[in-house]
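The primary structure of each chain is shown beneath.
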Amino acid sequence: MEVSVEMQRARENEALLRRQVEAWARNDLDDLLTLYNEDMVYIDIPFSDRPVRGKQAFREYLEGYNAQFVSGTVQVEYTNIVASSTAVVGELRVKARYVGEGAPNGGAEISWRVVLIDTIVDGKVSTEHAHFDSMAFAKAIEQRDHGL
């Protein structure tokens, strides 16, 4: 049975998402950024009024964001992936040791869910919307502060 062009692109887009997430979890920004178009746009939905435009700005954003976690502690579980020939959506569960603002000494183990919605153009991410539970960070820190 021959695989249609649409199905093949959907498979490629799923593989692209997996490469993205794995590069991010390793904090390998050089590898990660090869997967995005130069004029890409990234939007954290909790902060949708501040889109990040372009790969250089996205690198700077990620450097600050990833600094909140102890290197090597980010673990990702894929809950669901839906891909088409032009987009891919990934639902993830992420765990890491948070050492960002408000973290107790030594950091706090946190877990949060995120949904990434990527539009793919010419085999690379053109736009990415990240829907995540921003309260998970505050809750984890609060629990650690109260010894729960």
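Before any of the text, the structure's been laid out above.
Residues numbered from 1 in each chain as written. Predicted model: local features only at pLDDT ≥ 70, side-chain atom pairs only at ≥ 80, totals over all residues. Heavy atoms only, no water.

K.L.:
What exactly am I supposed to notice about the overall build of the chain here?
P.N.:
Along the chain, the regular secondary structure elements total four helices and six strands. Scanning the chain from its N terminus toward the C terminus, one meets helices and strands in the order α-α-β-β-α-β-β-β-β-α. The C-alpha atoms of the chain give a radius of gyration of 16 Å, which matches the 15 Å a tight globule of 148 residues would have. Taken along its principal axes, the extent of the C-alpha atoms in the chain is 60 × 35 × 25 Å. When each of the 148 residues of the chain is scored for burial, the buried share is 37%. (Helix = DSSP H or I, 4+ residues; strand = E, 2+ residues; numbered from the N terminus. Rg over C-alpha atoms; globule rule 2.2 N^0.38 Å. Buried < 20%, exposed > 50% of the residue type's maximum accessible area, 1.4 Å probe, protein only.)

K.L.:
Explain unusual backbone geometry to me, please; I cannot follow it from the model alone.
P.N.:
Excluding glycine, most residues fall at negative phi; most peptide bonds, likewise, are trans. Positive phi, normally seen in glycine, also occurs at asparagine 27, with a value near 60 degrees. Residue placement: asparagine 27 occurs in the loop between helix 1 (5-26) and helix 2 (29-33). For aspartate 122, which is not glycine, the phi torsion reads 55 degrees and is therefore positive. Position of aspartate 122 relative to the elements: it lies in the loop between strand 5 (108-121) and strand 6 (124-132).

K.L.:
Please clarify how the packing of aromatic side chains should be interpreted in this entry.
P.N.:
Each pair of aromatic rings is reported with the distance of its centres and the angle of its planes. The final tally for this structure, using the stated rule, is 10 aromatic pairs. Taken together, a centroid distance of 6.4 Å and an interplanar angle of 35 degrees make the contact between tryptophan 24 and tyrosine 65 tilted. Of this pair, tryptophan 24 sits in helix 1 while tyrosine 65 sits in helix 3 (residues 55-66); the two residues are 41 residues apart in sequence, bridging distant segments of the chain. Taken as a pair, tryptophan 24 and tyrosine 65 share a single burial class, namely buried. Geometrically, the ring pair formed by tryptophan 24 and phenylalanine 69 is edge-to-face, given 6.5 Å between the ring centres and 80 degrees between the ring planes. Taken together, the residues tryptophan 24 in helix 1 and phenylalanine 69 in the loop between helix 3 and strand 3 (75-83) connect sequence positions 45 residues apart. (Phe/Tyr/Trp six-rings, centres within 6.5 Å; stacked < 30°, edge-to-face > 60°.)

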